[in-house]
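# Structural overview for review
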Amino acid sequence: MCVLIVDDEADVRAIAQMGLEMAADWHVLTASSGAEALAIAATTQPDVILLDLMMPDMDGRTTLQHLKVNPATRQIPVIFVTATVKPSEQESLARLDVVAIFAKPFNPLKLANQITTALELTSL
């Protein structure tokens, strides 16, 4: 499994990458911005993208919009990862084309199982 982790915080990327590589031996790519994520996703076609919702320059929603209009990245499942999900935002996020929304902080050693479960539920 190839996962692209998109987060502007280097420590979050490192912790998630370490957890996925240790727990599941997955191939992990990282991006520190939405623009970098779009380029990596188009060329590498990861199996899933973990996308931070709150980033400078291009936030997660905008990055998701760009992913979904590009034929090369449209079918890649996206999971939002966010530290703050207000009840008022949950409904609008639920309408977006994402397979799940994970809360920060997350347990890096359980992340692979959470991703697998989210992808399995989507394919039902």
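In case you missed it, the structure is sitting above this.
To keep things clear, this report deals only with the structure shown in the data block. Being a predicted model, the structure only gives us computed values, none of them experimental.

The next point concerns unusual backbone geometry. Omega for the peptide link from Lys 104 to Pro 105 comes to -5°, which places this bond in the cis form. Mapped onto the secondary structure, Pro 105 falls in the loop between strand 5 (100-103) and helix 5 (111-123). In the Ramachandran plot, Asp 57 falls in the positive-phi region, its phi being about 70° despite a non-glycine side chain. Mapping Asp 57 onto the fold places it in the loop between strand 3 (48-52) and helix 3 (60-69).

Before going further, it helps to spend a moment on helix 1 (residues 10-24). Across its 15 residues, helix 1 extends 21 Å between first and last C-alpha, which sits within 8% of the 21 Å expected from 1.5 Å per residue. Taken together, the buried positions of helix 1 are Val 12, Arg 13, Ala 16, Gly 19 and Leu 20. Along helix 1, the residues classed as buried sweep out an arc of 140° about the axis, all on the same side. Trailing helix 1 by a residue or two, Asp 25 shows a phi angle of about 55°, which is positive.

Tracing the backbone shows Thr 73 in the loop between helix 3 and strand 4 (78-82). Residues within four places of Thr 73 in sequence aside, it is in contact with Ala 41, Ala 42, Gln 45, His 66 and Leu 67.

A separate point is a nonpolar patch on the surface. Side chains of Met 18, Met 22 and Leu 109 sit close together on the surface and give an oily, nonpolar patch of about 330 Å² of accessible area. Note on placement: Met 18 falls in helix 1.

Moving on, we come to helix 2 (residues 34-44). Those residues of helix 2 lying buried are Gly 34, Ala 37, Ile 40 and Ala 41. Around the axis of helix 2, the buried residues are gathered within 120° of arc, so they sit on the same side. The secondary structure elements touched by the buried residues of helix 2 are strand 1 (2-6), strand 2 (27-31), strand 3 and helix 3. Backbone geometry just downstream of helix 2 places Gln 45 in the positive-phi region, at approximately 50°.

What follows covers the environment of Thr 117. For Thr 117, the location among the structural elements is in helix 5. Under the relative-accessibility criterion, Thr 117 is labelled partly exposed at 41%. In this structure the side chain of Thr 117 is engaged in a polar contact, spanning 2.9 Å, whose partner is the backbone oxygen of Asn 113.

With that settled, consider the sheet that holds strand 2. Sheets are built from strands that pair by backbone hydrogen bonding, the pairs being arranged parallel or antiparallel. In space, the five strands of this open sheet follow the order 2-1-3-4-5, with parallel pairing throughout. A strand with exactly one partner marks an edge of an open sheet, and here the two such strands are strand 2 and strand 5. Strand-to-strand, the axes of this sheet are offset by a mean angle of 20°, without reference to chain direction. Each of strand 1, strand 2 and strand 3 is contacted by helix 2, which is oriented at about 145° to strand 2, the strand it contacts most. Seen against the sheet, helix 3 touches strand 3 and strand 4 and runs at an angle of roughly 175° to strand 4.

Rules used in this analysis
Residues numbered from 1 in each chain as written. Predicted model: local features only at pLDDT ≥ 70, side-chain atom pairs only at ≥ 80, totals over all residues. Heavy atoms only, no water. Helix = DSSP H or I, 4+ residues; strand = E, 2+ residues; numbered from the N terminus. Expected span 1.5 Å × (residues − 1). Buried < 20%, exposed > 50% of the residue type's maximum accessible area, 1.4 Å probe, protein only. Arc of directions from axis to C-beta. Contact = heavy atoms within 4.5 Å. Patch = residues over 30% accessible without salt bridge, like charges linked within 9 Å, V, L, I, M, F, W, Y side chains within 5 Å. Areas by Shrake-Rupley, 256 points an atom, 1.4 Å probe, with all protein chains shown as cover. Salt bridge = Lys/Arg side-chain N within 4 Å of Asp/Glu carboxyl O. Polar contact = N/O pair within 3.5 Å; in protein donor to acceptor, adjacent residues only side chain to side chain. Pairing = 2+ DSSP bridges. Axes fitted to C-alpha atoms, helices over the stretch in contact; angles between N-to-C directions.

Everything listed is a geometric property; what it means functionally is a separate question.
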